[in-house]
Amino acid sequence: MANSTSGQEKKSYLYFPGCTMQATGIAYGESVRTLFRLLGLQVEELEDWNCCGATSYMSIDERAAFVLSARNLSLARQAGPRDLVVPCTACFLMLRKTQEYVRQYPSIRQEVEGALKQAGIPPMGPVRVRHPLDVLYSDVGVEQIRAKATRRWHGGRLACYYGCQALRPYAEADQAYNPMRMDELLQAVGVTTVDFPLKTKCCGGSLTGTIHPVGVRLNYIILKEVARRGAQAVATMCSLCQFNLDAYQSEMREEAHEVFDVPILYFTQILGWALGGDFRSLGLHRGIAGRNLIGQWFTTPKEVEAYV
Amino acid sequence: MSNGNGSVRIGFYVCHCGTNIAGVVDVKALAEWAATVPSVVVSRDYKYMCSDPGQELIQQDIRDHHLNRIVVASCSPHLHERTFQTATAKGGLSPYYFQMVNIREHDSWVHKDKKAATEKAKDLVRAALRRVVFHEPLEKKQVPVRSDVLVVGGGIAGIHAALTLANAGKHVYLVEREATIGGHMAKFDKTFPTLDCAACILTPKMTAVRSHPNITMWTLSEVAEVGGYVGNYHVKVRRKPRYVLEDACIGCLECIEACVYKQAKVSDEFNLGLGKRKPIYIPFPQAVPQVVLIDPETCIEFKSGKCKKTCVEICADRNAIDFKQQEEIKEIEVGTIIMSTGFQTVDAARIPYYGYGAYPNVYTSLEVERLINASGPTGGEVILRDGKKPKAVGIVHCVGSRDENTNRWCSRVCCMYSLKLAHLIKEHTDAEVFNFYIDIRTPGKGFEEFYCKLLSEGVHFIRGRVAEVTDWALDPSEEGKLVIRVEDTLIGRVRRIPVDMVVLSVGLEPHADADEVRRQFNITCSTEGWFLERHPKLAPVNTFTDGIFLAGCCQGPKDIPDTVAQAGAAAAEALVLIDAGHVELEPNTAYVLEDECSGCKSCLSLCPYTAIAYHEEKKKAEINEVLCKGCGVCVAACPSGSIQQHMFQDEQIFAEIEGVLAHA
Ligand SMILES: Cc1cc2nc3c(=O)[nH]c(=O)nc-3n(C[C@H](O)[C@H](O)[C@H](O)COP(=O)(O)OP(=O)(O)OC[C@H]3O[C@@H](n4cnc5c(N)ncnc54)[C@H](O)[C@@H]3O)c2cc1C
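For the rest of this paragraph, the subject is the overall build of chain B. Secondary structure assignment for chain B yields 18 helices and 34 strands. With respect to the principal axes defined by its C-alpha atoms, chain B has extents near 95 × 70 × 45 Å. Buried positions account for 54% of the 664 residues belonging to chain B. Contacts spanning at least 24 positions in sequence make up 69% of the contacts within chain B whose residues lie at least 6 apart. Working note: accessible area of chain B is about 29700 Å², and carbon and sulfur atoms make up 52% of it. Chain B carries 74 positive and 84 negative side-chain charges, and their two centres are separated by 2 Å.

With that settled, consider the overall build of chain A. The helix and strand inventory of chain A stands at 15 helices and seven strands. Radius of gyration (C-alpha) of chain A: 20 Å, near the 19 Å computed for a compact globule of 308 residues. Along the three orthogonal principal directions, the C-alpha set of chain A runs to about 55 × 50 × 35 Å. Sorting the 308 residues of chain A into buried and exposed places 56% on the buried side. Intrachain contacts of chain A at a sequence separation of at least 6 include 75% that bridge at least 24 residues. When the accessible surface of chain A is totalled, it reaches about 13500 Å², and 52% of it is carbon and sulfur. Once the 33 positive and 30 negative side-chain charges of chain A are each reduced to a mean point, those two points are 3 Å apart.

Another aspect to go through is the sheet that holds strand β20 (residues 362-364) of chain B. Sheet strands pair by backbone hydrogen bonding; their relative direction is either parallel or antiparallel. All names here are of chain B. Within the open sheet, the five strands sit side by side as β20-β27-β21-β22-β23. Their pairing is parallel. For this open sheet the edge positions go to β20 and β23 (460-463), each flanked by a neighbour on one side alone. Each strand axis lies, on average, 25 degrees off the axis of its neighbour in the sheet, ignoring direction. In this sheet, strand β27 (residues 501-506) lies alongside strand β21 (residues 392-399) in parallel orientation, the contact comprising five bridges.

Residues and elements named next belong to chain B. E176, H184, K420, K558 and I560 are the nearest of the 35 residues found near the ligand. In this structure, an oxygen atom belonging to the ligand sits 3.4 Å away from a main-chain N or O atom of F343. One of the side-chain nitrogen or oxygen atoms of T563 is found 3.4 Å away from an oxygen atom of the ligand. Protein contact buries 97% of the 1000 Å² of open area that the ligand shows by itself. Breaking the shell around the ligand down by element, the ones donating at least two residues are α6 (156-167), β8 (190-191), α11 (365-372), α12 (414-429) and α15 (560-580). Partitioned by chemical class, the residues of the shell around the ligand number 13 nonpolar, 14 polar and eight charged. Inspection of the shell around the ligand shows a minimum of three residues originating in each of domain 2 (141-240 + 327-343 + 524-581) and domain 4 (345-509).

Turning to the sheet that holds strand β10 (residues 215-218) of chain B, a few remarks are in order. Residue and element names in this part refer to chain B. Sheet architecture is open: five strands sit in the order β10-β7-β6-β18-β29, paired in parallel fashion. Sheet topology places β10 and β29 (548-550) at the edges, where each strand pairs with a single neighbour. With strand direction ignored, the average angle separating the axes of adjacent strands in the sheet is 20 degrees. Relative to strand β18 (residues 336-339), strand β6 (residues 149-152) runs parallel, the two being bridged by four bridges. Each residue of the ladder has a partner; that of L150, found in β18, is I337.

A few words now on the pattern of salt bridges. All names here are of chain A. Evaluated as defined, the whole model comprises 62 salt bridges over all chains. The salt bridge involving D83 is made with R130; its shortest N-O contact spans 2.8 Å. You can see D83 sitting in the loop between α3 (62-78) and β3 (84-85) and its partner R130 sitting in strand β4 (residues 129-130), a full 47 residues away along the chain. Residue D83 shares its accessibility class with R130, and that shared class is buried.

Okay, the packing of helix α8 (residues 181-188) of chain A against helix α13 (residues 267-274) of chain A next. All names here are of chain A. Taken N-terminus to C-terminus, the directions of α8 and α13 make an angle of 20 degrees; their axes are 10 Å apart at the nearest point. Comparing the axis directions of α8 and α13 gives the class roughly parallel. Judged by the twist between their axes, the crossing of α8 over α13 is left-handed. Residue-level contacts link M182, L185 and L186 of α8 to F267, I270 and L271 of α13.

What follows deals with unusual backbone geometry. Put simply, A:R168 and A:P169 share a cis peptide bond, and its omega is 0 degrees. Here A:P169 is to be found in the loop between β5 (158-161) and α8. The step from B:V288 to B:P289 runs through a cis peptide bond, and the omega angle for that step is 5 degrees. You will see that A:D48, though not glycine, has its phi angle at about 60 degrees, which is positive. According to the relative accessible area criterion, A:D48 is exposed, its value standing at 52%.

Here the focus is the side chain of B:H423. Residues and elements named next belong to chain B. Mapping H423 onto the fold places it in helix α12. The exposure class assigned to H423 is buried, which follows from its relative accessible area of 10%. With near-sequence residues (within four places) excluded, H423 lies in contact with L195, K453, L454 and E457.

With that settled, the discussion passes to the interface of chain B and chain A. Counting residues at the interface gives 12 residues for chain B, matched by 11 residues for chain A. Between B:E479 and A:R228 there is a salt bridge whose closest N-O contact spans 2.9 Å. Remark: the boundary between chain B and chain A carries six residue pairs in polar contact (both at pLDDT 80 or more).

A contiguous nonpolar patch, built from B:F648, B:I653, B:F654, B:I657, B:V660 and B:L661 and spanning about 540 Å² of accessible area, is present on the exposed surface. The topology assignment puts B:F654 in helix α18 (residues 650-661).

It is worth spelling out the packing of α6(B) against helix α7 (residues 198-211) of chain B at this point. Residue and element names in this part refer to chain B. Where α6 contacts α7, the axes come no closer than 10 Å and their chain directions differ by 55 degrees. Our classification of the angle between α6 and α7 gives oblique. Between α6 and α7 the crossing geometry is left-handed. Residues I156, I159, H160 and L163 of α6 pack against L202, K205, M206, A208 and V209 of α7. Here the residues of the contact of α6 with α7 are counted per class, giving seven nonpolar, one polar and one charged.

As a further point, take the nonpolar core. Formed by 84 residues in total, the largest nonpolar core has its most connected members in B:L150, B:I337, B:M339 and B:F521. Here the element with the most residues in this core is α6(B); it accounts for eight residues. The residue makeup of this core includes at least three contributed by each of domain 2 (141-240 + 327-343 + 524-581) and domain 3 (254-314) of chain B. Excluding residues that lie within four positions of it along the chain, B:L150 makes contacts with B:Y173, B:V175, B:V223, B:V235, B:I332, B:V334, B:T336, B:I337, B:I338 and B:F521. In this structure, A:V85, A:A235, A:I270 and A:F298 belong to the second largest nonpolar core, which totals 78 residues.

For the rest of this paragraph, the subject is helix α10 (residues 212-228) of chain A. An ideal rise of 1.5 Å per residue puts 24 Å on 17 residues; α10(A) measures up with 24 Å between its terminal C-alpha atoms. With its phi angle positive at about 80 degrees, A:G230 sits one or two positions after the end of α10(A).

Our focus in this paragraph is the domain arrangement of chain B. Domain annotation of chain B identifies domain 1 (10-138), domain 2 (141-240 + 327-343 + 524-581), domain 3 (254-314), domain 4 (345-509) and domain 5 (586-646). Relative to domain 4 of chain B, the C-alpha centre of domain 1 of chain B lies at a distance of 62 Å.

A few words on the packing of aromatic side chains. Within this structure, the stated rule accounts for 22 aromatic pairs over all chains. The interplanar angle of 75 degrees and the centroid separation of 6.0 Å between the aromatic rings of A:Y13 and A:F36 together place this pair among those described as edge-to-face. Of this pair, A:Y13 sits in strand β1 (residues 12-15) while A:F36 sits in helix α1 (residues 26-38), and the two are 23 residues apart along the sequence. Assessed through its relative accessible area of 0%, A:Y13 is described here as buried. Here the aromatic rings of B:F302 and B:F323 are separated by 5.7 Å at their centres, their planes lie at 70 degrees, and the arrangement is edge-to-face. With B:F302 in helix α9 (residues 300-304) and B:F323 in the loop between α10 (310-315) and β17 (328-334), this residue pair connects regions lying 21 residues apart in the sequence.

What counts, and where the lines are drawn
Residues numbered from 1 in each chain as written. Chains lettered and ligands numbered in written order. Predicted model: local features only at pLDDT ≥ 70, side-chain atom pairs only at ≥ 80, totals over all residues. Heavy atoms only, no water. Helix = DSSP H or I, 4+ residues; strand = E, 2+ residues; numbered from the N terminus. Buried < 20%, exposed > 50% of the residue type's maximum accessible area, 1.4 Å probe, protein only. Contact = heavy atoms within 4.5 Å. Areas by Shrake-Rupley, 256 points an atom, 1.4 Å probe, with all protein chains shown as cover. Lys, Arg positive; Asp, Glu negative; His and termini not counted. Charge placed at Lys NZ, Arg CZ, Asp CG, Glu CD. Rg over C-alpha atoms; globule rule 2.2 N^0.38 Å. Pairing = 2+ DSSP bridges. Axes fitted to C-alpha atoms, helices over the stretch in contact; angles between N-to-C directions. Near = heavy atom within 4 Å. Polar contact = N/O pair within 3.5 Å; in protein donor to acceptor, adjacent residues only side chain to side chain. Nonpolar A, V, L, I, M, F, W, Y, C, P; charged D, E, K, R; others polar. Domains from an automatic or database assignment. Salt bridge = Lys/Arg side-chain N within 4 Å of Asp/Glu carboxyl O. Parallel < 35°, antiparallel > 145°, perpendicular 65-115°, else oblique. Left-handed = near helix turned anticlockwise from the far one by under 90°. Patch = residues over 30% accessible without salt bridge, like charges linked within 9 Å, V, L, I, M, F, W, Y side chains within 5 Å. Core = buried A, V, L, I, M, F, W, Y, C linked by side-chain atoms within 4.5 Å. Expected span 1.5 Å × (residues − 1). Phe/Tyr/Trp six-rings, centres within 6.5 Å; stacked < 30°, edge-to-face > 60°.

Written as structure tokens, this is what we have:
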């Protein structure tokens, strides 16, 4: 591999947090940064980044969305020949889509290039936009994770839930329909994962905000199957999936006459924990549902005191 | 200037083509202008030059005016070059003293300005008038055609073609890769739309192949090398060892019984892994040849050399088993070749959301053909892998067809075989059967009637492309079932249909090695990988390589009736060549000026037809006229200009260029 680490030289990455890593997905951002630090990987936040242009922009003014993304891509290129790591799958998709659409459609390319030029920003160049799952699996590798783990998993069985945006249509981090890499990485630190056919099904996305009952039902379907498969918690890799599954469990109680209290974790939290990361720096204190199990699984005696 | 025979006397003709040409080009003015060009003796315009009187005009003028060159300005040479060459020849001249100018496709059809179009016509005509002066009276070469035919692939296409040719008294070599002939059809129980028993109609043809005195059948064999050209192909065939002597084995099958393996333990290929076989086996009871074979991968004697060899014991005096048998190369000479290598079905695991490989009760259609077949692994009972009989079955159409992610084409037979399977499954199990389709395509003879029959049999039809086959359950009725999720586009709802068995109607695609095979035979493939016919309508069984013909699914998906029709057509095309006894070759070939060739070999690798060889003694390049197709690549590439080409001599081309450039 051209850019794999050689000897003691550590690979360095650019990091695009996007708005979510500072709001509902803060625990994701915290755990990604902690995990990368534990692995000895350098991450530098992209300076002066702006909104990625996802959801609202994209559905109202496609051009504006592409231009916003293009500015970020231009900054990333100027910041040096490093891969841009993007945990938020909405940001990831938006950046990748911008690259592909600009390449495929001359009319979009013209508009985007024109807008950048007008603002005096250098053109966007070839930047590799990557999801942490891809970096952890391809650059670090299952074997290194296994070797570096200092804590053995003693928690329950997990269902790996990959969501839709990180793998479709750009199936670069894993296969689009039956992804397994999150399963493999977690298994390397001792986790038992269940066979979970809903791993790329819809979490409702922003429907939980717009047509709320429909959105909640989609999450209910997923959690019901998680239980049916004998898993006690869910590992996610998308902040929207995590939020939807985590935040509405109490509502399902009324609709479905079922009581859910299922921890919804980020896979980076579990890996970070296995590599010796501490509870707070992995954002483990931030979850809503399943707090008891989280307490049992992740805390050392000292930390229990602080958490309870 | 050398122009063959003294003074040049040109006859020039411009065709009106109704109003096609005359509507834009001023044909009268063109003819009047041409009459003023030196050497033009006769210049005429005529309504339809290709008509009988038009052609007669040329012949009469040759006689009356002692013409020795003919130029016609009309349509594309693709249409009527032959016509006018023939007329020229009938008038008593060499047909190569004719030159054609295309003022229709190249002029009147693409321009509106009449004046400019007429000027352009003059330029084009001037070029031809100057070129034709240098034409030479060439002669067509004839090569004899051997009457033996090679048929590659012993499915129903190859079988039918071989029998047709053999019945016409020609000798056929039938080369089949597997241990038995029969192809896919041998796996079916019944065939649509008539539901006649596949074995009943196929087995007699298979045994006829085996016993026909004019057919040499080689199974477990593949073509290793093809050389030569139309009429004279040299072919090497690799015969893999069977470890059983074909002439000695009488097909009693006692050795299988006697094998030290008491139980059949090896996954059985013919039954697609649904059954088991022993290391010594026969693919299926009606296999042709009725000769067992040994699989060296699993036979103990091959693995350790320490087997008791009970098979040899029981075979006794017949001595048919030969563990030392070696691969053999057979060399044959044939005049024509028929490709009938068929298809493979799409690997259903490529579509992960349909659960093939993940859920044991998801089957492919071909597997279900075996389950339904009376000589199949379950004796014709539809029993699932867990031993249960299904109560509800879903048949998913278009798996790996009409799909951007796998193959874009319609596989043509899947709608019909899905209907057939629906009928047969219902007959065998009385299950509820659901067909999930995008469109039902039943355009063959008796096909729509078959569909109507199914509709009245109570089979369910749900219009919509299936989203996924899964085992996640929403309510108790779905527990332990496979759930088919689909948008029913006729009622506008997403539905979940729980079933016990899913049948994936997998599409047809070219063999994985189709590209290698086509290279070997020097034929072309479509972008999808099907062998390409010379013309989709008018030459559907010819290839671009003379003497090689196509039959059956190697050319594209089709059902058995169409396959057999095509196989007959391919055999007839081969017979045309054989009965003519020879082929005529166009004289537009390249040739080496020996004195000038430096022997640099640059042309050798460039020739797409491998027509150029290097003569070691003379140290010169040599062009085989019979293989040369006149593409001109070597002529242009030769660094010393020592390759020339008939009909494209330098002086001819320069005269033509100067003619165009002499635009007044
Ligand atoms: C599930 C299913 C059900 C069907 N049911 C029906 C039906 O009911 N009615 C109907 O009309 N049609 C049906 N069809 C279509 C039918 O199978 C085809 O029309 C028919 O098999 C085509 O015959 P073929 O000889 O062209 O190809 P094949 O049957 O594929 O035969 C090709 C032969 O060539 C051999 N071969 C391949 N490559 C080489 C090589 N390089 N060298 C030597 N040998 C080679 C193969 O081993 C094989 O024996 C069905 C198809 C499928 C998939």
